[in-house]
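# Observations on the model geometry
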Amino acid sequence: MKINMLTLPLSETEVDSWLTVLASVSANDLPQLPAPSRTEIVGRLRVPSARGRAVLWAAEEGAGVAALVLFSEEANRHTAFVDVLAVPPHARRRGVGTALWERVREELLADGRTSVEAMVDLGGPGEAFAESLGFVNVLPMAWYEQELPDRPAPVPATPGYEIHTWHGLVPDAWAPAAASAHGAMEDAPSGDMDIQLEPWTAPRLHSVQQLILDRGGELITVAAVTPEGEVGAYTELVLPDPSGTRAFQYDTVVTPRHRGNGLGRAVKMHMAAQAAGRYPALRRIATTVADENAPMRTVNEALGYRRERGTAYFQLKL
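Let me sum up the structure you'll find in this document. (Residues numbered from 1 in each chain as written. Predicted model: local features only at pLDDT ≥ 70, side-chain atom pairs only at ≥ 80, totals over all residues. Heavy atoms only, no water.)

In this section: the overall build of the protein chain. A count of helical and extended segments in the protein chain gives 8 helices and 12 strands. Taking 2.2 N^0.38 as the reference for a compact globule, 318 residues should give roughly 20 Å; the C-alpha atoms of the protein chain span a radius of gyration of 20 Å, in line with that estimate. Principal-axis analysis of the C-alpha atoms places the extent of the protein chain at approximately 60 × 40 × 35 Å. Burial analysis of the protein chain (318 residues in total) assigns 47% to the buried set. For the protein chain, restricting intrachain contacts to residue pairs at least 6 apart in sequence, the fraction spanning at least 24 positions comes to 74%. Entry remark: accessible area of the protein chain is about 15,000 Å², with carbon and sulfur atoms responsible for 52%. When the 29 positive and 39 negative side-chain charges of the protein chain are each reduced to one mean point, those points stand 3 Å apart. (Helix = DSSP H or I, 4+ residues; strand = E, 2+ residues; numbered from the N terminus. Rg over C-alpha atoms; globule rule 2.2 N^0.38 Å. Buried < 20%, exposed > 50% of the residue type's maximum accessible area, 1.4 Å probe, protein only. Contact = heavy atoms within 4.5 Å. Areas by Shrake-Rupley, 256 points an atom, 1.4 Å probe, with all protein chains shown as cover. Lys, Arg positive; Asp, Glu negative; His and termini not counted. Charge placed at Lys NZ, Arg CZ, Asp CG, Glu CD.)

See the structure below:
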C-alpha cells in the first residue's frame, strides 16, 4: 500500500478525497452524528494548528488518511498529537491503518518525540487498533450532548456578576482578564497525559481564537464578570461550520475563588440562549467531560446534557 505525504496547501482533489474518507468512516462508525462538514474539514486542512507543525498522509485510492501535529511549544516539544488516522470500511483489514501508523511513527522518531497522544472513541475499531499499537487510556472521558429547545427558558439573573457576551475575539480590554481565567483550567483533570499546559496570556488567547475564525468557524464567549473587572467564570461555544446543526462547547471554567455561586450553570444557560437565537439551524451542543470531573457532569446533567458515547485520551511512550 503506497502512502503519500501531502504538501500544504492541499489541492481540491486532495481535499475531496480526504472528506470522502472521513464521511465514510463517520457513516459507518458514528451513524448517529451528522456527516463531516466540508467547511470544517477544509478549514482544518488549509489552516494548520497554531500549536505546531502539521504533517499529513494519504493512502492511494482513498484507502485512508492520517494527520499529526508536532507541538512547537517549548514545554511540549517532546510530544505530539495524532489528529486523524482513518480508514474507510471498504479498505479495512488490508494493513492500511498499520501502514499509515508506521509513517506517523517514523516522523515522530525522526523529530525526536518521546510520546504521542490521540483522542479515541471507546468500544469501536479505533480503541482496538490503538491498544494493538501499545497506546494506553490515560484520561477516560465521554461526549455529552444537549438538544436546544425551540424556545430557551428565561435565564435568571446572577447576583454580584454581570454577564458579558463576546462574538469572535475577546475584546482587547478584556483579554488579560479572560486569559487569567483560562489559567484556572490547570486544575481540570488531565490523567497521566504527557502534554504540559502552557501559560495563558492575552496574545495566546487571541491566537487560539483567531485560528477558529480563520478556519471558517465562529466563536462565542460568555463570561460572568465582577464590578472590579475580574472574569469569575466563562464558557466558549465553537461552530466549526456556522450553518451546521451541531456546535461544540469548549472550556467552561469557574475560577477557584468564585466557585459555589452557580456561575458554571449561569454562563452555560446564557450560552444556550445566545446560540439558539443567533443560529436558527443549530440543534445540538456537544462537549466532552472527564469521568472524574463530577462537578461539571452534575452541572451538565441539570442543563439537559446526556451522555452520547465514551471517549478517552490515549498515549504511547516511544
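From this point, the narrative continues.
Further remarks concern the packing of helix α7 (residues 263-278) against helix α8 (residues 294-302). One can describe the packing of α7 onto α8 by two numbers: an axis separation of 10 Å at closest approach and a directional angle of 45°. The angle between α7 and α8 falls in the class oblique. Crossing hand, α7 versus α8: right-handed. Here Gly 264, Arg 265 and Lys 268 of α7 lie close against α8, whose contacting residues are Met 296, Val 299, Asn 300 and Ala 302. (Axes fitted to C-alpha atoms, helices over the stretch in contact; angles between N-to-C directions. Parallel < 35°, antiparallel > 145°, perpendicular 65-115°, else oblique. Left-handed = near helix turned anticlockwise from the far one by under 90°.)

Our next topic: the pattern of salt bridges. A side chain of one charge can pair with a side chain of the opposite charge if their charged atoms are brought near each other. In this structure the tally under the stated criterion is 15 salt bridges. Two residues, Arg 53 and Asp 111, come together in a salt bridge whose shortest N-O distance is 3.4 Å. Taken as a pair, Arg 53 in strand β2 (residues 52-59) and Asp 111 in the loop between α3 (96-110) and β5 (115-121) lie far apart in primary sequence, 58 residues in all. In this structure, a network of salt bridges that share partners links the residues Glu 12, Asp 16, Arg 38 and Arg 46. (Salt bridge = Lys/Arg side-chain N within 4 Å of Asp/Glu carboxyl O.)

Once that is clear, we can look at the pairing of strand β10 (residues 246-254). Most of β10 is tucked away, with 7 of its 9 residues classed as buried. Where strand β9 (residues 231-239) and β10 come together, 5 bridges link them in antiparallel fashion. Residue pairing in the sheet places Leu 237 in a bridge with Gln 249 of β10. The turn linking β9 back onto β10 is made up of 6 residues. Pairing of β10 with strand β11 (residues 284-290) involves 3 bridges; the strand directions are parallel. Within β11, the residue paired with Arg 246 across the bridge is Arg 284. Between the parallel elements β10 and β11, the chain passes through α7 in a crossover that is right-handed. (Pairing = 2+ DSSP bridges. Right-handed = clockwise from strand over helix to strand, strands pointing away.)

This part covers the packing of helix α1 (residues 12-29) against helix α2 (residues 38-46). The geometry of α1 relative to α2 is characterised by a closest axis approach of 10 Å and an angle of 120° between their N-to-C directions. By the criterion of interaxial angle, the relationship of α1 to α2 is oblique. As α1 packs across α2, the resulting crossing turns out to be right-handed. Touching Glu 12, Val 15, Asp 16, Trp 18, Leu 19 and Leu 22 of α1 are Arg 38, Ile 41, Val 42, Leu 45 and Arg 46, all from α2. Looking at the contact of α1 with α2 residue by residue, the classes come out as 7 nonpolar, no polar and 4 charged. (Nonpolar A, V, L, I, M, F, W, Y, C, P; charged D, E, K, R; others polar.)

The next point concerns the sheet that holds β9. The 12 strands are arranged β1-β2-β3-β4-β5-β12-β6-β11-β10-β9-β8-β7 in an open sheet whose pairing can be described as mixed. Edge positions in the sheet fall to β1 (3-6) and β7 (162-167), since each has one partner strand and no second. Strand-to-strand, the axes of this sheet are offset by a mean angle of 25°, without reference to chain direction. Looking at chain direction, β1 and β2 are connected through 4 bridges and run antiparallel. What sits directly across from Ile 3, in β2, is Ala 59. Each of β9 and β10 touches helix α5 (residues 175-182); the most contacted strand, β9, lies at about 90° to it.

Here we take up the packing of aromatic side chains. Per the stated rule, a full pass over the model turns up 4 aromatic pairs. With a centroid separation of 5.7 Å and 40° between ring planes, the pair formed by Trp 166 and Trp 174 is classed as tilted. Neither Trp 166 nor Trp 174 differs from the other in exposure class; each is buried. Above the face of the Trp 200 ring, Arg 204 is positioned so that its terminal group lies 3.9 Å from the ring centre. Directly above the ring of Trp 143 sits Arg 246, whose terminal nitrogen or CZ lies 5.8 Å from the centroid. (Phe/Tyr/Trp six-rings, centres within 6.5 Å; stacked < 30°, edge-to-face > 60°. Lys NZ or Arg CZ within 6 Å of the ring centre and 35° of its normal.)

Every buried residue of α5 is accounted for by Ala 175, Ala 178, Ala 179, Ala 181 and His 182. In an axial view of α5, the angular spread of the buried residues amounts to 160°, which keeps them on one side of the axis. At its buried positions, α5 is contacted by α6 (202-214), β9 and β10. (Arc of directions from axis to C-beta.)

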